[in-house]
Structure formats: structure tokens, C-alpha cells
Amino acid sequence: MKIKSVKGVKDILPGEIEKWQWVESVAQQIFFRYGFKEIRPPIFEYTNLFKRSIGDTTDIVEKEMYTFKDKGGEEITLRPEGTASVVRSYIEHKMHGQNPLTKLYYFGPMFRYERPQAGRFRQFYQIGVEAMGSPSPAIDAEVMTMLMEFFKLLGLNDLEMQINSLGCKVCRPQYREILKTAIKPHLQELCTNCNQRYERNPLRVLDCKVERDGKIAKGLPKIKDHLCAQCEQDFADVQKHLDAVNTSYTVNDQIVRGLDYYNKTSFEVISKTGLGSQNAVCGGGRYDSLVEDFDGPPTPCFGFALGMERLISILPDEKLQGLEQPPDVHLVCLGEEAQQLAFPITHQLRAVGLYVEREIDGGSMKSQMRKANKLASRFTLIIGEDEIKNQRYLLKNMDGGEQWEVSANTLAKEVQSRLKSFD
RNA sequence: GUGGGCGUAGCUCAGCCGGUAGAGCUCUGGAUUGUGGCUCCAGUGGUCGCGGGUUCAAAUCCCGUCGCUCACCCCA
């Protein structure tokens, strides 16, 4: 039996990982500016946390969770999303007592048992952001703006942010009933899926992708016409704030979201190109009662999660150039004595901060030069019998081809200054 | 859970109306005895996913199985 990785998971290898590191570093920079701090929750939790937060009847909980009993008999689940853990942590550490508004972000793997396809994996990575403690539409707009600014820094300018309001505890249940009444006469025409949705989550009928259902859905009452005064006002405020800083968006009343805890502002960011049918790069919204549901204090929250694999797959080529750092110096050693000297010399150069490569197993000069060229090394340091005898090594610029003699005594200093002169 | 496509060298693939494997790239060496990139030459590298069947003979035809992939569903 051949050893193999598990279905639906991937190794992120050198050559690819540089993109991830870049995206993470840009995220850190931009989130820092907005005052968000990193949090690293564990990747598994008690199963109940997810059942109660995400919703018992959602696909995630019903059939996608990696759940197991540990040796102590506890029901454990690998996290299928990040918000639940952050909320748990927020309550457990009584963060509400430290600051009225807690701003957190996280990065890491999530797990869902689904059939893999383009842009969908069983272990996938999300960057998530949670702003906890404010009901203000201003925070919705600020977080969404931060997100779009993040995309801009990554060179992604043609992503579309679609927003909607799902209503609150007051108006959503009312709308739900109105919707059900309106759907009822169409039940026979709707797909079997929507017939199930009718009872369990009628809002989902709205974004059904079956063509005929979509047409019916268009004629159904819209949430925006049934928001309570407060929700209507808040949604308008969100848009006003977005407009104030020219954060672009479109209102799409089909945006529903799959997790139970969302209310009020909800949104998705869609890429029209580059992704397959999984075109949502990011999704999020308000979840005003989740903290309370877990016996925390009333804490209205706003957050989002974005899919790393999807994000990375649409990064523009020009931003991906030069992410891999080439060696500053590549040693080329001729003969046994030079090979012996190579380690102390690389050690000396690395000690002053340079990236130095050498061929551990030697090889011909040609092959060493070739390797240096292949890695796009900036300089080579050639060490042969003559150089050792004279205590002067040959430093060669691999770009222009010039070479200089450098003294063994002042090697590191000379190499550094030569490198600097070509920056 | 349902459906389509595909599994041949490290990578990308050709060969598939049967005659026990080939190209390009990569890698190594040489042309250029201590100077890379371009070019040319040579070499390394394969249980043709796995199992069974038909046949004198199977990468090729048939059956099964596993894997990958795309899509539905749903979602990041």
C-alpha cells in the first residue's frame, strides 16, 4: 500500500508557500492599521460548540463535520469555521470586561467533509476577522472597507462586494412567515431541495440555483421590503458609511448565508473570473446574539471569513513576481581544500545576515555555476587553489559578469558593500 | 450522496483498430582541463494506477477496483 495524503487535503510546497506568506504579511499589516489583534484558538473544540452556533440543521453540522470521541470519551470536532471558537474564547476570557469593542483576527485551517473540487478542500485555510461589542453600522462599514483595502493591496481590484440585510430578531421571523405564505402556492413547481428548505430555512429558497426556482424566487417578497424601521435605518447607515470612503459594493437581496447565526448586514465578495463555480472568496456579516446564546453578555458582532486557497488562486501574476528571495552569494569551490573552507566561509557570511548557498556535495565548477544561475544568485564567490594561496577570493556579479578580488580578512564587509552597490 | 472526464519517466504529455514504450522539460556529464545563462551531443530515469479476463502476444480490447479531477448540492 502506497503512502498517500488524505483525500481533499494538500501540501503547500516551497514555490507556493511564498504566496501564502505574502498574503499573511499583507493581512497583518492592514489589520494592524485598523487595530485588530491576532488570536490563535485551538483547531478542535467540543462538538456542541459548533452544533449550537452554526445550527443543527445546516449542512455543515448535519454531514460535514470531522467529529470523533477522544480517549477520554469526549465528543470532539475539528473546527469547520472560526467564529465559534473566537466567540467561545471571548466569553471564556471575559474579553468584554477589558474593552467594549474587541477586534480580533485569525488565520488557520478549517475542516469540512465534502467532495473536493476546484476551490474546495477538506482542509482549507481561512483568514477571519471578528469585531465584537458594537451594534453600530459604522463597524460593519469599517470592517468591510478594511477587507476591500486588503484586496486592493493584493492587486485585486475587480472583486465585487455584495451586501444585504437579513433583518433582526424582530423583523426576520415576521418576514419568514410572509415568505412561507408566498412560497406555499409554488411548492409543486419548486425543486425537492426547496421543498425541504420551505420548512427548515425558507430564506434559502431565495438563492436556489435551479433556473426555474430562481425565476419563482424573483417574484417572492423581498427582505428589504419587510425590514423593521431600525434595520432599515441601520442598513442605510452601512451604505452611507461605505459611500463616505468610496468602498464599492452592490446590494443583492439574494445574499442569504448558510450559517444560522447571521442577522442584519450580511455580505459576500465574489470573483467573476479565475475561480470555478466556487466563486465566493469571502463571506460574512453580523451575528448579534451568538455571544448571548452562549451565556455571554449581550454583544453584537460583525465578522467575515475568507478562503485562502481561493484568494491565492486569483492573485494577479504581476504581484507574484519576486516573492522568492534569491541567494545573495553562492559559493563555488574547486578542490578538496576549498571544499573544507566552504563551511567556515558561508558561516561567516551568514552571520552578517546574508543568504548564502553552497553545494554540500561539491561537483564540477560548471555544475556549481549552473546551480547558482538557476537559483538566480546575485553573486558567486569562487574559491580555488590560487585564491587560497593568495588569501583573495573571486567575487562575481552574476548579472553583469564583473568580478573582483576580495580579501579573506575583510570578506564579509567587502561582499556586503558590493551587494549594496547593486541594490 | 449523484453525474462527467482522466490515470504511461520527477513534471507536461504522445503512443491505444493488439506485436512487451517515446518526446519535451528537469537532472548528470561532455563540447568549453577554473567561470553560469544560448546552442549541440550523450547519459540517468518506467511494476504503462491496481487486479482479473480474452489472445501466441495487452499500455492498447473486456470486466472489476482504487485514485485524481470537474460539476451538482453546499460553502470560504
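This text gives an overview of the structure that appears in the document.

Thresholds applied
- Every chain is numbered on its own, with residues counted from 1 as its sequence reads.
- Key to labels: chains lettered from A, ligands numbered from 1, both in the order written.
- Only residues with pLDDT of 70 or above have their local features reported here, since the model is predicted, and side-chain atom pairs are shown and tallied only from 80 upward, although totals for entire chains, interfaces and linings are computed over all residues.
- Here the side-chain values reflect all heavy atoms present in the structure, with hydrogen atoms and water set aside.
- Grouping buried Ala, Val, Leu, Ile, Met, Phe, Trp, Tyr and Cys residues that are joined through side-chain atoms within 4.5 Å yields what is termed a nonpolar core.
- For each residue, the accessible area found with a 1.4 Å probe, counting protein chains only, is set against the maximum for its type, and the residue is called buried under 20%, exposed over 50%, and partly exposed in between.
- Under the scheme used here, helices are H or I runs from DSSP no shorter than 4 residues and strands are E runs no shorter than 2 residues, and both carry numbers assigned from the N terminus.
- The contact criterion used throughout is that any non-hydrogen atoms of two residues lie within 4.5 Å.
- Criterion used throughout: strands pair if DSSP finds at least two bridges between them.
- To obtain each axis, a line is fitted to C-alpha atoms, and for helices this fit is confined to the stretch in contact; angles are then taken between N-to-C directions over 0 to 180 degrees.
- Each pair of aromatic rings taken from Phe, Tyr and Trp, with Trp reduced to its six-membered ring, is defined by centres within 6.5 Å and is described as stacked if the planes are under 30 degrees apart, edge-to-face if over 60, and tilted in the remaining cases.

## Considering the nonpolar core
Then, in step 1: In this structure, Val 87, Met 132 and Ile 183 are the most contacted members of the largest nonpolar core, which totals 51 residues.
Then, in step 2: With five residues, the single largest contributor to this core is helix H4 (residues 83–92).
Then, in step 3: Apart from residues no more than four positions distant in its own chain, Ile 183 is found in contact with Leu 190, Tyr 198, Pro 202, Val 205 and Leu 220.
Then, in step 4: Counting residues in each nonpolar core, the second largest holds 45 residues, with Val 143, Phe 150, Leu 159 and Phe 235 among its members.

## Here's the deal with the sheet that holds strand S3 (residues 66–69)
Then, in step 1: Spatially, three strands are ordered S2-S4-S3 in an open sheet, and the strand pairing comes out antiparallel. Looking at strand neighbours, the two that pair on one side only are strand S2 (44–46) and S3, the edges of this open sheet. Each adjacent strand pair in this sheet contributes to an overall mean axis angle of 30 degrees, direction not counted.
Then, in step 2: Sheet topology places S2 next to strand S4 (residues 75–78); three bridges connect them, and they run antiparallel. Its bridge partner lying in S4, Phe 44 is registered against Leu 78.
Then, in step 3: In the packing of helix H2 (residues 47–54) onto the sheet, the strands contacted are S2, S3 and S4, and the crossing angle to S2 comes to about 80 degrees.

## Topic: the sheet that holds strand S10 (residues 280–286)
Then, in step 1: Pairing is mixed across the open sheet formed by eight strands, whose spatial order is S1-S5-S6-S11-S10-S9-S7-S8. Where the open sheet ends on each side, the last strands, each with one partner, are strand S1 (37–38) and strand S8 (250–251).
Then, in step 2: Running over the sheet, helix H1 (residues 17–33) touches S1, strand S5 (102–111) and strand S6 (123–132) and is turned about 0 degrees from S6.
Then, in step 3: Together, S5 and S6 form the strand contacts of H4, whose direction differs from that of S6 by roughly 40 degrees.

## Here we look at the environment of His 96
Then, in step 1: Following the sequence through the fold, His 96 ends up in the loop between H4 and S5.
Then, in step 2: Judged by relative accessible area, His 96 falls into the partly exposed class, the value being 33%.
Then, in step 3: For the pair His 96 and Thr 299, spaced 203 residues apart in sequence, the C-alpha separation works out to 8.1 Å.
Then, in step 4: Not counting residues within four places of it along the chain, the set of residues in contact with His 96 comprises Tyr 90 and Pro 297.

## Describing the packing of aromatic side chains
Then, in step 1: Counted under the stated rule, the structure contains 13 aromatic pairs.
Then, in step 2: Relative to Phe 422, the ring of Phe 379 has its centre 5.9 Å away and its plane inclined at 85 degrees; by these criteria the two rings are edge-to-face. Separated by 43 residues along the polypeptide, Phe 379 in strand S14 (residues 379–383) and Phe 422 in the segment after helix H16 (411–421) bring together distant segments of the chain.
Then, in step 3: Through a chain of ring-to-ring contacts, three or more aromatic side chains come together here, namely Phe 31, Tyr 105, Phe 150 and Phe 151.

Keep in mind these numbers describe shape, not what the thing actually does.
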